[in-house]
There are 2 protein chains.
Amino acid sequence: MAGDKRTRGQVLKYIIGVDLGGTKIHTIAINYDGKILSRIELPTCPERGTDFVIRQIVKSVNHVSKRICKSEIAGLGIGTPGAINSKKGIVHFAPNLHWRNVSLKKRLEKYFSFPIFVDNDANLAAYGEQWLGSAKNVKNLIYVAMGTGVGGGLIFDGKIYRGVDDTAGEIGHVTVVPEGLPCGCGNRGCLETYSSGPGIANLAKDKIRKGYPSIIPKMVNNRLEKITSLVVYQAAKRKDKLALEIFRTAGTYLGIILAGLVNLLNVEMIIFTGKVAKAGNLIFNSVRKEIKQRALAVPAKRVRVVCGVLGQDAVALGACRLVKENV
Amino acid sequence: MAGDKRTRGQVLKYIIGVDLGGTKIHTIAINYDGKILSRIELPTCPERGTDFVIRQIVKSVNHVSKRICKSEIAGLGIGTPGAINSKKGIVHFAPNLHWRNVSLKKRLEKYFSFPIFVDNDANLAAYGEQWLGSAKNVKNLIYVAMGTGVGGGLIFDGKIYRGVDDTAGEIGHVTVVPEGLPCGCGNRGCLETYSSGPGIANLAKDKIRKGYPSIIPKMVNNRLEKITSLVVYQAAKRKDKLALEIFRTAGTYLGIILAGLVNLLNVEMIIFTGKVAKAGNLIFNSVRKEIKQRALAVPAKRVRVVCGVLGQDAVALGACRLVKENV
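Residues numbered from 1 in each chain as written. Chains lettered and ligands numbered in written order. Predicted model: local features only at pLDDT ≥ 70, side-chain atom pairs only at ≥ 80, totals over all residues. Heavy atoms only, no water.

Scanning chain A from terminus to terminus reveals 11 helices and 15 strands. For 327 residues, the compact-globule estimate of 2.2 N^0.38 gives 20 Å, and chain A sits close to it at 21 Å. Considering chain A as a whole, with its 327 residues, one finds that 58% of them fall into the buried category. Taking the intrachain contacts of chain A between residues at least 6 apart in sequence as the baseline, contacts between residues at least 24 apart amount to 62%. (Helix = DSSP H or I, 4+ residues; strand = E, 2+ residues; numbered from the N terminus. Rg over C-alpha atoms; globule rule 2.2 N^0.38 Å. Buried < 20%, exposed > 50% of the residue type's maximum accessible area, 1.4 Å probe, protein only. Contact = heavy atoms within 4.5 Å.)

Oppositely charged side chains can form a pair if their charged atoms are brought close together. A complete count under the given rule lists 25 salt bridges over all chains for this structure. A salt bridge links Asp313 of chain A to Arg39 of chain A; its shortest N-O distance comes to 2.4 Å. Of this pair, Asp313 of chain A sits in the loop between β15 (304-307) and α11 (314-326) while Arg39 of chain A is found in strand β5 (residues 36-43), placing the two residues 274 residues apart along the sequence. On the basis of relative accessibility, which here comes to 10%, the residue Asp313 of chain A falls in the buried class. Each of Glu179 of chain A together with Glu290 and Arg294 of chain B takes part in a single network of salt bridges with overlapping partners. (Salt bridge = Lys/Arg side-chain N within 4 Å of Asp/Glu carboxyl O.)

All names here are of chain A. With mixed pairing, the five strands of this open sheet are ordered in space as β13-β12-β11-β14-β15. The two strands at the open ends of the sheet, each matched to only one other strand, are β13 (159-160) and β15. Pairing between strand β11 (residues 141-146) and strand β14 (residues 269-273): five bridges, direction parallel. Within β14, the position partnered with Val144 by the bridge is Phe272. Where helix α9 (residues 281-294) meets the sheet, it contacts β11, β14 and β15, and its direction lies at approximately 165° from that of β15. (Pairing = 2+ DSSP bridges. Axes fitted to C-alpha atoms, helices over the stretch in contact; angles between N-to-C directions.)

One frequently used descriptor of interface size is the decrease in accessible area upon assembly of the parts. Contact residues are listed per partner, giving 41 residues for chain B and 41 residues for chain A. Across the chain B/chain A interface, buried area totals approximately 3,300 Å², and carbon plus sulfur atoms make up 57% of it. At the surface where chain B touches chain A, the tally comes to four salt bridges. A salt bridge links Glu179 of chain B to Arg294 of chain A; its shortest N-O distance comes to 3.9 Å. Between the two partners, chain B and chain A, sit 26 residue pairs in polar contact (both at pLDDT 80 or more). At the level of secondary structure, the elements contributing two or more residues to the side of chain B that touches chain A comprise β12 (150-156), α8 (241-265), α9 (281-294) and α10 (297-302) of chain B. The leading source of residues in the side of chain B that touches chain A is α8 of chain B, at six residues. (Buried area = accessible area lost by both parts, 1.4 Å probe. Polar contact = N/O pair within 3.5 Å; in protein donor to acceptor, adjacent residues only side chain to side chain.)

Another point: unusual backbone geometry. At Asp166 of chain A, a residue that is not glycine, the phi angle is positive and equals roughly 65°. Note on placement: Asp166 of chain A falls in the loop between β13 and α4 (192-195). Within the chain, Asn266 of chain B stands out as a residue other than glycine whose phi angle is a positive 45°. Topologically, Asn266 of chain B is positioned in the loop between α8 and β14 (269-273). A relative accessible area of 0% places Asn266 of chain B in the buried class.

Let's shift gears to the relation of the copies chain B and chain A. Of the transformation superimposing chain B on chain A, the axial component is 0.0 Å and the angular component is 180°, with the fit at an RMSD of 0.0 Å. Such a combination of turn and shift is consistent with a two-fold rotation axis. Both copies contact each other with a shared surface, as 100% of the interface residues of chain B are interface residues in chain A too. (Least-squares fit on C-alpha atoms with pLDDT ≥ 70 in both.)

What follows covers the environment of Thr148 of chain A. Residue and element names in this part refer to chain A. In this fold, Thr148 is placed in the loop between β11 and β12 (150-156). Using a relative accessible area of 67% as the deciding quantity, one classes Thr148 as exposed. Sequence separation between Thr148 and Tyr32 is 116 residues; the distance between their C-alpha atoms is 33 Å. In this structure, Thr148 is in contact with Ser196 and Pro198, ignoring residues within four places of it in sequence.

Residue and element names in this part refer to chain A. Summarising the element assignment, Lys205 is placed in helix α5 (residues 197-209). Lacking a salt bridge, the buried Lys205 has Glu225 as its closest oppositely charged neighbour, with an N-O distance of 7.6 Å. Dropping the residues within four chain positions of it, Lys205 is found in contact with Leu224, Glu225 and Ile227. (Lys, Arg positive; Asp, Glu negative; His and termini not counted.)

Glancing now at the pairing of strand β11 (residues 141-146) of chain B. Residue and element names in this part refer to chain B. Burial analysis of β11 places five of its six residues in the buried class, the great majority of the element. Both β11 and β12 contribute to a ladder of six bridges, which runs antiparallel. Bridging from a neighbouring strand, Met146 pairs with Val150 of β12. The hairpin formed by β11 and β12 contains three residues between the paired strands.

This is the structure in structure tokens:
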């Protein structure tokens with residue numbers, strides 16, 4: 001194939017990428033052009049312990065590579081949540097996996113002879129989108145993953161920006177309301193407290209308890225604890241005024257932070273992904289409005305606010321790219 | 001000398017750096033090791049027109065290089081305020097210079113045969129501090145210049161980060177109070193509105209008008225329009241409670257933004273310079289407190305908050321380094 005890599009007489013044709021999540025392990029095998037040849041999804045079951053999770057990863061890699069000659073595999077890339085050391089391939093702290101200081105790279109090296117690379121999942125999703133997704137030819141971007149939390153990845157001058165301890169990208173813990181709601185991280189008023197899925201659900205619960213009229217209570221049989229961002233979304237789709245206002249609020253907070261970052265970082269693109277991003281323009285119209293109103297003319301005009309297109313493959317494709325660039 | 005550069009039989013021994021400000025032009029000649037051999041300061045007088053300013057730059061360069069063999073000059077670097085195109089060496093908009101779309105590089109090339117490089121002054125000051133100042137061996141840093149405005153420069157992975165249109169670094173126009181005071185940029189609640197020199201003076205005026213007790217009115221003979229950040233500083237030095245509180249407020253706003261950026265960018269260092277930074281711990285204690293309280297443990301522990309040490313030479317030294325790295 002056009003993209004194959006030749007090293008020391010060997011032809012490297014394939015790359016394996018793993019998206020290690022708290023719920024599932026999503027693994028793909030690709031060729032050097034980024035074409036996905038096979039994929040599998042296995043449950044992570046972190047409650048069954050680290051050994052089990054490692055075995056699940058190995059199983060998934062063996063599955064996607066079973067029709068591939070092992071000597072033609074360039075390497076394995078893994079995207080993991082949490083605080084990591086990307087050089088050493090150690091996962092320092094990943095609450096979703098119940099992991100502390102797991103030497104992921106070393107443990108997997110016992111099973112495979114090809115090189116193994118580990119990086120943060122949001123970084124790799126950004127890297128994947130830049131390779132094959134919505135950010136082709138874009139050199140500077142902010143990637144925002146909106147789900148249970150608000151995570152982020154940064155690409156500056158074409159490369160993943162990790163910071164000095166690999167912790168860069170924590171956009172969810174940028175303060176947007178200095179004396180705002182307490183956040184799990186210990187701070188107050190973090191963006192995540194307002195613009196994540198639970199944040200949106202909490203905004204709704206709060207307003208409903210304060211007596212704002214809405215169809216939401218009826219949708220959850222008055223059991224307000226059942227309100228999720230999905231319920232709020234469904235209410236918004238039915239033109240419920242409160243639900244629409246809540247998405248506008250979440251988008252406004254997000255937009256205030258991003259307008260500041262547009263001024264500071266002059267990026268070409270902001271990419272949204274994650275369950276909450278599926279609300280689309282219910283949120284993003286407010287984001288665009290804040291950027292237009294608050295950011296300086298040149299960087300505001302430059303930046304494009306878009307949704308990611310690689311879906312569940314983004315992290316694994318970014319992981320493959322990490323191998324491609326480093327082997 | 002150890003650091004000399006040899007190219008095509010030529011020995012390049014010297015570099016010229018210019019800090020082009022709205023009030024003065026500060027020009028230095030250095031050797032390849034960064035030692036300053038001569039310097040001069042000339043008035044800019046932008047009101048006398050672009051031609052005059054260009055001639056002043058030329059005059060200053062000729063002055064610092066008069067004892068240097070011209071063929072041994074590697075190049076000329078210039079730091080300018082405003083919005084620029086660093087590749088083309090064009091100053092698009094610099095209100096302090098009354099400039100719009102001035103082809104600075106091209107115009108200076110008529111006078112000199114060595115290569116000329118142009119960049120934003122805050123970028124170059126950051127670059128200078130990283131080469132010879134407080135940030136040696138630091139690869140990721142945020143540089144904050146606190147004066148009439150709040151400007152910034154970013155070094156990521158050892159390199160100047162400019163963004164896609166060379167506008168990155170505008171930390172003064174990051175929103176800190178969403179519905180706050182109007183800013184000259186058109187936004188509301190920009191950091192600059194609270195933590196710049198005029199911002200600090202305005203905070204004082206506002207509190208005094210509201211009747212807060214302070215020695216400040218007496219210091220300016222009750223002419224409140226005479227209040228500057230320097231007056232507030234002098235009052236703070238005399239333990240005036242209001243003045244101390246105002247510096248705490250300015251530092252708190254600055255700290256809220258920087259705590260967010262510590263989470264997002266995981267930088268090793270934040271460097272402060274400028275007239276307002278001379279207030280030192282009156283401001284920076286609040287900055288450190290906010291970072292400690294608001295940022296995540298790993299990046300908060302990592303980051304050092306310091307003052308720049310190169311003073312008025314920072315921009316010109318950074319300009320010299322730009323030449324050194326590009327010739």
